[in-house]
Amino acid sequence: METLRSDPPLTLRQTGPGVVHLVSTAAGPLGGDHLDLTIDVAPLTSLSVFSVASTLALPGRSLLTVTARVGSGASLHYSPEPIVLADGCDLRVQVRLELAPDASVFWREELVFGRHGEPSGRCHTRLDATVGGVPLLRQELVIGDPATHDSPAVFGTAHCAGSTLLTGDLPRERHLADGCAVLPLAGPGTLVSALAPDTVELRRRLEWGERLADKTLP
Amino acid sequence: MHGDMAMLLLADSRLPAGGHAHSGGAEEAVRVGAITGPEDLARFLRGRLATAGVVTAALAAAACEVGSNPQPGRWQRLDAEADARISSPAQREASRTQGRLLVRTTRRIWPSESLETLAQAVPDGAHHPVALGAAAAAAGCEPRQAALAAAYTSVTAPATAAVRLLGLDPVLVHRLLADLAPALNDAAHEACVIQADDWSDLPAHAAPALDLLAEQHLRTEVRLFVS
Amino acid sequence: MSANHEDHHHAPDGHGRALRLGIGGPVGSGKTALVAALCRSLGPSLRLGVVTNDIYTTEDADFLRRAGVIDADRILAVQTGCCPHTAIRDDIAANIDAVETLEERFGPLDLVIVESGGDNLTATFSRGLADRQIFVLDVSGGDKVPRKGGPGVTAADLLVVNKTDLAPMVGADLTVMSRDAAKVRDGKPVLFTSIREDKGAHSVAEWVVGIVDTWQHQHAHTV
Ligand SMILES: Nc1nc2c(ncn2[C@@H]2O[C@H](COP(=O)(O)OP(=O)(O)OP(=O)(O)O)[C@@H](O)[C@H]2O)c(=O)[nH]1
Ligand SMILES: [Mg+2]
């Protein structure tokens, strides 16, 4: 690992060769913060990013920006625990992925619409992934907007939403199961998209799709 | 300028461009019981407008802009921006089919450089909002009018389909559509905020449920609608 | 930019595009049976394509594929969004797209048959889609149907009254049907068939060969 630099409230800890965990605040409550995470994966290297626990977005405005650049022949695995949107939160998440044409990426995001029994707070996420400068996936989600939160067109009756973007040498196959679809994108990548009533089911659905999207996954 | 008249023609469900056979996910939503009556339908339409509708409007507005100075490279770049915003292959196919039919129809109504260059730059069929914007430019519309037509058709198609499939009272359903007027205006407004050649920041609202419905629809044996 | 941008596909070898033949008529009258019969009779001599417009699913297309009367790839199914007459009359874009797709893939073709979804007596093909059209009735609807007229019965280039084998069973008088049809059709042809008994619908096939010949003769050198 070349550099690992973090300032509170965001703390990064190397937990193995090429493995980093987000700990402390970044993996705990998030309220009124502005967190910035920049990841550079040099050509031909690999990095995995996890978190020790789920992130709880607390009432108030918070901003989380993540930028990841993945070089030629490099691989990045990013699968932190879910973000839970507590009632009253107002979270903005912005993710930019700049990928080299032969970079391989596994990028998972999971959102939980409120703690048990409470309505969801607000959240607006945007992910922009480009491969060699060409757009691969641009996707915004707005959660907790009273105009749309219970729309059968958007999240239906789900309590959690998640997606995993995979790039690399993947089969271009479509798969579908209850609440989960494996969607080959127009460009070189696949999106696994899932809706679920709870986090356990969400993870199960995503993992089902991820294994079909990338048959080399365990 | 004859933009108003052209906008009405482009937004009319009687425009002979194949739109009548698309339900925008409503057929599958009806089949799986996600739309059973006017209340569900109202929520469906609102959600569709806030996601696919807003994105479609923005792309159509951008395309209308391109249509005033059309170049093959610009069409291809904008079409790629549309591609990146539609993750479901079923929806991409439906969008390209509709786009292809729309270009076929409108280039005979409004022969223009805008539509000819688009047909050449994206021969297998541009995405529907890109085609709609190009046609709007050809017909003398402003980007805002293109955006309105796009946002409007994004909700009228599923509304009409629901009337046909569930036998809903058409007057009641039109009332639901009328209730969407402020949201429709907002969508068109948002669509025109960014009008540079950098389209990376255009809205990209996703609707995971629509993606699932679209994929499932293709696997459903009895289908009356293309999408 | 040409203001006269006609959207007709022209076969590369210079003779005009295929004749487009619409086959319409009420539900269950025997449209698909007629398409299959024409494929049987004409398949050996004409280059064919078929477009079906189903109310439900792709049943007609599937039936034809199973019948094996024509290469399965040469059949395309169009969805009509609950409104079969809209797809052949008011908004023909998807049908034109399907016809041109067949011509691009397999062209040059001599004849593309477009079967409409079963509909009522007022459903006819737009001239923008079909160059000629056949309307198929069956005798079991009763011998009063031709008298009722309607655009399908009066305006089609050929009226086919099918299932004559059932006439005795349903008490339909074919002479009455023939006389009434002649009256409302202004001399345009009417043929009586039993596709059950004549699997090639030979009288209809002969009529089709005639219109294809005329079409090709007229359009051989136009561009
Ligand atoms: N007895 C008899 N039955 C026939 C004849 N021709 C067709 N049929 C039967 O009539 C039924 C309907 O025929 P189709 O060819 O499917 O009718 P269609 O007009 O294509 O029907 P739709 O596409 O559903 O509107 C089938 O069961 C055929 O086998 C005939 O000449 N005599
Ligand atoms: Mg049939």
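Use the structure listed above.
Here we summarise the structure given alongside this text. Computed from a prediction, not measured in an experiment: that's the story for all the values here.

**Quick notes on the coordination of the magnesium ion (ligand 2)**
Residue and element names in this part refer to chain C.
For step 1, the next point in the chain: Each protein donor to the magnesium ion (ligand 2) is listed here as Thr 32 (OG1), Asp 60 (OD), Asp 60 (OD) and Glu 115 (OE); together their distances run 2.0 to 2.5 Å.
For step 2, the next point in the chain: Of note is the magnesium ion (ligand 2), whose 6 donor atoms meet at the metal with angles of 52 to 169° in an arrangement that counts as irregular.
For step 3, the next point in the chain: On the basis of relative accessible area, Asp 60 is assigned to the buried category, the value being 15%.

**Some remarks on the interface of chain A and chain B**
For step 1, the next point in the chain: On the side of chain B, 38 residues touch chain A, which itself brings 34 residues to the contact.
For step 2, the next point in the chain: Among the salt bridges present, the one from Asp 150 of chain A reaches Arg 43 of chain B, with a minimum N-O distance of 3.8 Å.
For step 3, the next point in the chain: Counting every contact that joins chain A to chain B gives 13 residue pairs in polar contact (both at pLDDT 80 or more).
For step 4, the next point in the chain: The set of elements that each furnish at least two residues to the side of chain A that touches chain B consists of β12 (122–131), β13 (134–143), β15 (175–177), β16 (180–184) and β17 (190–196) of chain A.
For step 5, the next point in the chain: Of the residues forming the side of chain A that touches chain B, the biggest block, 8 residues, is contributed by β13 of chain A.
For step 6, the next point in the chain: Residues of the side of chain A that touches chain B, tallied by class, amount to 19 nonpolar, 8 polar and 7 charged.

**Side note on the side chain of Asp 131 of chain C**
Residue and element names in this part refer to chain C.
For step 1, the next point in the chain: Relative to the elements of secondary structure, Asp 131 occurs in the loop between β4 (111–115) and β5 (132–138).
For step 2, the next point in the chain: Reaching out from Asp 131, the side chain makes a polar contact with the side chain of Arg 17 at a distance of 3.0 Å.
For step 3, the next point in the chain: Of the polar contacts made by the side chain of Asp 131, one reaches the backbone nitrogen of Arg 20; its length is 2.7 Å.
For step 4, the next point in the chain: Beyond its immediate stretch of four places on either side in the chain, Asp 131 contacts Arg 17, Ala 18, Leu 19, Arg 20, Asp 157 and Trp 215.

**Thoughts on the site of ligand 1**
Residue and element names in this part refer to chain C.
For step 1, the next point in the chain: As a structural note, the neighbourhood of ligand 1 is formed by 18 residues, with Lys 31, Thr 32, Ala 33, Asp 165 and Ile 195 the closest of them.
For step 2, the next point in the chain: For ligand 1, whose accessible area on its own is 640 Å², the fraction buried by protein is 72%.
For step 3, the next point in the chain: Residue contributions to the shell around ligand 1 peak at 3 residues, all from helix α1 (residues 31–42).
For step 4, the next point in the chain: Considering only residue class, the shell around ligand 1 consists of 5 nonpolar, 7 polar and 6 charged.

**Comments concerning the packing of aromatic side chains**
All names here are of chain A.
For step 1, the next point in the chain: Taken as a whole and assessed by the stated rule, the structure comprises 2 aromatic pairs over all chains.
For step 2, the next point in the chain: Aromatic pair Tyr 78 and Trp 107: ring centres 3.7 Å apart, planes at 5°, arrangement stacked. Taken together, the positions of Tyr 78 in strand β8 (residues 75–78) and Trp 107 in strand β11 (residues 104–112) put the pair 29 residues apart, joining distant regions of the chain.
For step 3, the next point in the chain: With a centroid separation of 5.0 Å and 65° between ring planes, the pair formed by Phe 113 and Phe 155 is classed as edge-to-face.

**Observations regarding the interface of chain C and chain B**
One widely used convention gives an interface's size as the accessible area the parts lose upon coming together.
For step 1, the next point in the chain: Each side of the interface is counted separately: chain C has 23 residues, and chain B has 25 residues.
For step 2, the next point in the chain: Carbon and sulfur atoms supply 58% of the area buried between chain C and chain B, which totals about 2,000 Å² over both sides.
For step 3, the next point in the chain: Between chain C and chain B we count 3 salt bridges in total.
For step 4, the next point in the chain: At the level of elements, α3 (84–90) and α4 (93–106) of chain C are the ones that each hand at least two residues to the side of chain C that touches chain B.
For step 5, the next point in the chain: Element by element, the count of residues in the side of chain C that touches chain B is highest for α4 of chain C, at 5 residues.
For step 6, the next point in the chain: In terms of residue class, the side of chain C that touches chain B is built from 10 nonpolar, 7 polar and 6 charged.

**Digging into the sheet that holds β5 of chain C**
Whenever strands of a sheet pair, they do so through backbone hydrogen bonds, lying parallel or antiparallel.
Residues and elements named next belong to chain C.
For step 1, the next point in the chain: The strand order β3-β2-β4-β1-β5-β6-β7 describes an open sheet built from 7 strands, whose pairing is parallel. Since the sheet does not close on itself, it has two edges, and those belong to β3 (75–79) and β7 (190–192), each with one partner. With direction set aside, neighbouring strand axes in the sheet form an average angle of 20°.
For step 2, the next point in the chain: As judged from the 5 bridges shared by strand β1 (residues 19–24) and β4, these two strands associate in the parallel manner. Note that in β4 the partner of Arg 20 across the bridge is Val 112.

**Overview of the nonpolar core**
For step 1, the next point in the chain: Membership of the largest hydrophobic core comes to 128 residues, with the highest contact counts inside it found for Ile 39, Leu 76, Leu 85, Trp 107 and Leu 165 of chain A together with Phe 44 and Leu 118 of chain B.
For step 2, the next point in the chain: Not counting residues up to four positions away in its chain, the partners in contact with Phe 44 of chain B are Ser 151, Pro 152 and Ala 153 of chain A together with Gly 24, Gly 25, Ala 26, Ala 29, Ile 35, Pro 158, Leu 210 and Leu 213 of chain B.
For step 3, the next point in the chain: One finds Leu 19, Ile 113, Trp 207 and Val 208 of chain C within the second-largest nonpolar core, a separate group that totals 33 residues.

**Overview of α4 of chain C**
For step 1, the next point in the chain: Taking 1.5 Å per residue, 14 residues should reach 20 Å; α4 of chain C reaches 20 Å between its end C-alpha atoms and fits that length.
For step 2, the next point in the chain: Burial runs high along α4 of chain C: 10 of the 14 residues are buried.
For step 3, the next point in the chain: Buried within α4 of chain C we find Ala 93, Asn 95, Ile 96, Asp 97, Ala 98, Val 99, Glu 100, Thr 101, Leu 102 and Glu 103 of chain C.
For step 4, the next point in the chain: Where α4 of chain C is buried, its residues contact α5 (89–109) of chain B together with β1, β2 (48–54), β3, α3 and β4 of chain C.

What counts, and where the lines are drawn
- Residues numbered from 1 in each chain as written.
- Chains lettered and ligands numbered in written order.
- Predicted model: local features only at pLDDT ≥ 70, side-chain atom pairs only at ≥ 80, totals over all residues.
- Heavy atoms only, no water.
- Donors = N, O, S within 2.8 Å, 3.2 Å for Na, K, Ca; no water.
- Tetrahedral: all angles 85-135°; square planar, octahedral: opposite > 155°, others 65-115°.
- Buried < 20%, exposed > 50% of the residue type's maximum accessible area, 1.4 Å probe, protein only.
- Contact = heavy atoms within 4.5 Å.
- Salt bridge = Lys/Arg side-chain N within 4 Å of Asp/Glu carboxyl O.
- Polar contact = N/O pair within 3.5 Å; in protein donor to acceptor, adjacent residues only side chain to side chain.
- Helix = DSSP H or I, 4+ residues; strand = E, 2+ residues; numbered from the N terminus.
- Nonpolar A, V, L, I, M, F, W, Y, C, P; charged D, E, K, R; others polar.
- Near = heavy atom within 4 Å.
- Areas by Shrake-Rupley, 256 points an atom, 1.4 Å probe, with all protein chains shown as cover.
- Phe/Tyr/Trp six-rings, centres within 6.5 Å; stacked < 30°, edge-to-face > 60°.
- Buried area = accessible area lost by both parts, 1.4 Å probe.
- Pairing = 2+ DSSP bridges.
- Axes fitted to C-alpha atoms, helices over the stretch in contact; angles between N-to-C directions.
- Core = buried A, V, L, I, M, F, W, Y, C linked by side-chain atoms within 4.5 Å.
- Expected span 1.5 Å × (residues − 1).

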